[in-house]
Amino acid sequence: MQDRIVTAIFAVTVASLLLYFLNAWLAFGLAACALLTLGLGLGFGGGRRITRALLALFAGYSVLLGGMVWLAETPALVLGFPAPTALLVYGIWPMPLLMGLLYALVFHSSVLPEEKLKKFLAEHGSRRSRREPESR
Amino acid sequence: MPISQSPEILICVVAYLACCFGIGVWALRRTRSAADFFVAGTSLGPVVMTIATMASIMSGFGFVGGPGLVYESGTSSLWITFPATIGFALSWVLLGKRLRLLAETREILTLPDVVAARYGGRAPRLAMAAALVLGVIGYLGTQVLAVGVVLVAVLGVSLPAALLIGLGVLAFYTVGGGILAGVYNDVFQGVVMMIASVAVLFYALVAGGGMEQISRTLWTMDPKFIGPWGARGPMAALSWYLIFGLGWMGQPHGITKFLMLREVGGLRWGALLTGSVYMVCSLLWMSIGLAMRSVVQTGGQPPLAAPDLAAPVFLMNYTPPLVAGVVFAGLLAAIMSTANSFLNIGAAALVRDLPLAWGGKAPRHELGWSRVATVVLLAVSALFALYMENLVALLGAFGWGTFAAAIVPPVAIGMNWKRATGAGCVASILASLVLNFSLELASRHGVYTLPYGMNVGCFSLLVSLIVFIGVSWLTGRGAEDRLAPEVRAVLEV
């Protein structure tokens, strides 16, 4: 899994540089968002629920970037900002907080299950006292 | 009225400096070892770590340069501060657990300790220490200069006198209490920054006649300015989003906080909390720049002589003196919290990382030598700030990009990919340093500038990633088998 994601990161990074030199900025932006999403994928390490959430994040980025281009000339104000800028301020800015929320929600099930932590500390926690992990 | 003649501002700033001093005295009594000095004895709770991380990352640039950039180029600048939300998520997901658990297995006080444990051999530690020293000199020089400039404005004294006062307080709590004093000052400073940001948002909206009125005024002036990409265009904005999104994982003053956390379970809510708190502080960045530009456009204020004056002019003319005082204290807080972190990282690089990288040992009295190194670093950076301003500006300009391009591949990817190698680590660090320095110098001397507004740090990071993965593939035969058992366990947990 790690190898496949790193290969994808390599491919998207190369593509980003090519798109930059072609000045294909929207495609570059999508590649940048793909890179950020793949980074999260490498850290989370898989799982159906997480994969779905990451696909939703990338879809969200794509829709918001597309919307900003689509509405570029629209002067209508939404919550105080021109419509495309509102997508930036109320969409792209806070949306990744959901990934922080996801991290917290799956912390004990996927990120660091208690039994894994106990096993790790028992086998490798040489520096500190081999204490029990804190309770939930 | 000049800033220096406002008693409210003076009182706020002096009270702030006194609080920093008091925290320094408290931490001095609790700092007894190098581990206390560099990683706060691994004693931080989650809330303290969250606010301290935000405060150390939000430098003086966020309080002065950020609003200035918004004033100059509109929403383009928001693409620098908005990636914080994805950046913190990436940092926690890719690094939080790995760094904290690695510190459970052996003595890990610094980032060069991390790469030495991950890759083995001296070269990765040496390359990382060199990158840190270069980046720290730049960052520290700009922060020291900023401390001087703010205190000159507030106290009405000369630059050398201002540096003596500001750096005296900074030196006291950093030298005495190490990172412990730094972290608890960061918490205090972070709270000041949040209060300042919310207050400023309110007064900015009042000054500009509400957000809708500000947007209409700026749209009439230039639709691009308040459009989604700002005056610098989409490629610049998107390259900023990428470098400031991925780049969080390469900021040593942020990610070393993972080593200080008391319990690994304290990571759980950190990404969400830190991102949220940083969003609050970004309100100042966004609101002052847009409001000032709108007020200038409607004739309520003459055009500013320099974009960086947006924040001070706004505070003096559009907020009550007490609010201005809190914000100036917040500004000083942002600068000093970042400077403290870099002093600590720089001292560690000089006293611990470079000697270990050359095959020696850390000095016997590591704590004492770390204090000496901190004083030396402060003195050198003050001299740089006073007499070599151009060099400071050059190094400071690519501080973020240097760290991001040099640290993200070997640390963020390397701690999550078993086939990464020491050769890949060294090659990517060297490539990032050479590219960053040469492109920045070429641009400054008009020899070559990356087209379409691409950020130099972003370009260097992309190349550095390719070099890291490519060289690791080429040299990775048997890399997994050479991993130390506890490092393998950290990568697999």
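Keep in mind that this is a model prediction, so the values were computed, not measured.

Participant: Can you break down the overall build of chain A residue by residue, with the values?
Facilitator: What chain A contains, in helices and strands, is 7 helices and 2 strands. Counting helices and strands in the order they occur from the N terminus, chain A gives α-α-α-β-β-α-α-α-α. By the compact-globule yardstick of 14 Å for 136 residues, chain A is too spread out, its C-alpha radius of gyration being 20 Å. Of all 136 residues assigned to chain A, the portion counted as buried reaches 49%. Expressed as a percentage of contacts within chain A between residues at least 6 apart in sequence, the contacts between residues at least 24 apart total 50%. Accessible surface computed for chain A: about 6,300 Å², of which carbon and sulfur atoms make up 66%.

Participant: Now, about a nonpolar patch on the surface: what can you tell me, with residues and values included?
Facilitator: A cluster of nonpolar side chains, namely Leu-98, Leu-101 and Leu-105 of chain A together with Trp-269 and Leu-273 of chain B, defines an oily patch on the protein surface of about 460 Å² accessible area. By residue number, the principal contributor to the nonpolar patch is helix α5 (residues 97-105) of chain A, which donates 3 residues. Here Leu-98 of chain A is to be found in helix α5.

Participant: If you had to explain the side chain of Arg-98 of chain B to someone new, which residues and values would you point to?
Facilitator: Residues and elements named next belong to chain B. By the element assignment, Arg-98 lies in helix α6 (residues 84-105). Although Arg-98 lies buried, it forms no salt bridge, and the closest oppositely charged side chain, Glu-492, sits 9.0 Å away as judged by the N-O distance. Only 3.3 Å separates the side chain of Arg-98 from the backbone oxygen of Met-415, close enough to count as a polar contact.

Participant: An account of the interface of chain A and chain B is needed here, citing residue identities and associated values.
Facilitator: Counting from both sides, the interface comprises 68 residues of chain A and, opposite them, 80 residues of chain B. Together, the buried faces of chain A and chain B total about 6,800 Å²; carbon and sulfur atoms form 75% of this surface. For the interface between chain A and chain B, the tally reads 0 salt bridges. Run the count over chain A and chain B and you get 10 residue pairs in polar contact (both at pLDDT 80 or more). Of all the secondary-structure elements, those providing two or more residues to the side of chain A that touches chain B are α1 (2-21), α2 (25-44), α3 (48-70), β2 (81-82), α4 (83-92), α5, α6 (107-111) and α7 (114-124) of chain A. Tallying contributions element by element places α1 of chain A first for the side of chain A that touches chain B, with 13 residues. Taken together, the residues of the side of chain A that touches chain B break down into 45 nonpolar, 16 polar and 7 charged.

Participant: Describe the confidence of the model for chain A, listing the residues and the values that go with them.
Facilitator: Considering every residue of chain A, the mean pLDDT works out to 90; 92% of them sit at 70 or more. Every residue in residues 129-136 of chain A is under pLDDT 50, and counting partners more than four places away or in other chains gives 21 contacts.

Participant: With reference to specific residues and values, describe the pattern of salt bridges.
Facilitator: Residues and elements named next belong to chain B. Taken as a whole and judged by the stated rule, the model has 12 salt bridges over all chains. Of the charged contacts, one joins Arg-352 and Glu-107 as a salt bridge, the two residues approaching to 3.3 Å between their closest N and O atoms. You can see Arg-352 sitting in helix α16 (residues 321-357) and its partner Glu-107 sitting in the loop between α6 and α7 (111-119), a full 245 residues away along the chain. The class of Arg-352 is buried, set by a relative accessible area of 5%. When the shortest N-O distance is used, the salt bridge between Asp-353 and Arg-125 registers 3.7 Å. Remark: Arg-125 occurs in helix α8 (residues 123-155) and Asp-353 occurs in helix α16; sequence separation between them is 228 residues. Arg-125 gets classed as buried once you look at its relative accessible area, which sits at 13%. Overlapping salt bridges bring together Glu-107, Asp-113, Arg-125, Arg-352 and Asp-353 as one network.

Participant: So what's going on with unusual backbone geometry? Which residues, and what values?
Facilitator: All names here are of chain A. The phi dihedral of Asn-23 falls on the positive side, at around 55°, and the residue is not glycine. Within the element layout of this structure, Asn-23 appears in the loop between α1 and α2. On the accessibility criterion, Asn-23 (32% relative accessible area) is partly exposed.

Participant: Describe α16 of chain B, naming the residues involved and giving the relevant values.
Facilitator: All names here are of chain B. For α16, spanning 37 residues, the distance from its first C-alpha to its last is 51 Å, which sits close to the expected 54 Å at 1.5 Å a residue. Maximal helix bending in α16 amounts to about 40°, located at Ala-349. With 30 of 37 residues buried, α16 is to be regarded as a mostly interior element.

Participant: Quick one: what's the story with the nonpolar core, residue by residue and with numbers?
Facilitator: Judged by nonpolar contacts, the single largest core of 214 residues is most densely connected at Leu-40 and Phe-44 of chain A together with Trp-79 and Leu-95 of chain B. The element contributing the most residues to this core is helix α9 (residues 159-208) of chain B, with 18 residues. Ignoring any residue separated from it by four or fewer positions in sequence, one finds Trp-79 of chain B in contact with Leu-65, Met-68, Leu-88 and Ile-92 of chain A together with Pro-228, Trp-229, Ala-237, Leu-238, Trp-240 and Tyr-241 of chain B. Formed by 7 residues, the second largest nonpolar core is a distinct cluster that contains Ala-35, Phe-37, Leu-109 and Ala-348 of chain B.

About the cut-offs
- Counting starts from 1 at the beginning of each chain's written sequence and moves along it residue by residue.
- The lettering of chains begins at A and the numbering of ligands begins at 1, in the order of writing.
- Totals for whole chains, interfaces and linings use every residue, but because this is a predicted model, local features are given only for residues with pLDDT of at least 70 and side-chain atom pairs only at 80 or more, for both listing and counting.
- With hydrogens and water set aside, each side-chain value is computed from the structure's full complement of heavy atoms.
- Per the convention used, a helix needs a DSSP run of H or I reaching at least four residues, while a strand needs a run of E reaching at least two, with both numbered from the N terminus.
- Restricting the calculation to C-alpha atoms gives the radius of gyration, and the globule rule supplies 2.2 Å times the number of residues raised to the power 0.38.
- The cut-offs for exposure are 20% and 50% of the maximum accessible area for each residue type, with area from a 1.4 Å probe on protein chains only; residues under the lower value are buried, those over the upper are exposed, and the others partly exposed.
- In what follows, a contact means two residues having at least one pair of non-hydrogen atoms within 4.5 Å.
- Values of accessible area rely on a 1.4 Å probe in the Shrake-Rupley scheme; residue burial ignores everything except the protein chains shown.
- Residues forming no salt bridge and having over 30% relative accessible area are the ones grouped into patches, like charges within 9 Å of each other and nonpolar side chains (Val, Leu, Ile, Met, Phe, Trp, Tyr) within 5 Å.
- When a carboxyl oxygen of Asp or Glu is within 4 Å of a side-chain nitrogen of Lys or Arg, the pair counts as a salt bridge.
- We score Asp and Glu as negative and Lys and Arg as positive, and we do not count His or the chain ends.
- Polar contact criterion, stated in full: a pair of N or O atoms within 3.5 Å, where within protein one must be able to donate a hydrogen and the other to accept it, and residues adjacent in sequence count only if both atoms are side-chain atoms.
- By convention, the term buried area covers the 1.4 Å-probe accessible surface removed from two parts as they join, with the contributions of both added.
- In the scheme used here, Gly and all other residues not listed as nonpolar or charged are polar, with Ala, Val, Leu, Ile, Met, Phe, Trp, Tyr, Cys and Pro taken as nonpolar and Asp, Glu, Lys and Arg as charged.
- The quantity known as pLDDT measures the predictor's confidence residue by residue, on a range of 0 to 100.
- Each helix should span, by expectation, one fewer than its residue count multiplied by 1.5 Å.
- Note that bend, as reported per residue, equals the angle between axes fitted to the 7 residues terminating at that residue and the 7 residues originating from it.
- Throughout, nonpolar core names a set of buried Ala, Val, Leu, Ile, Met, Phe, Trp, Tyr and Cys residues whose side chains join them through atoms within 4.5 Å.

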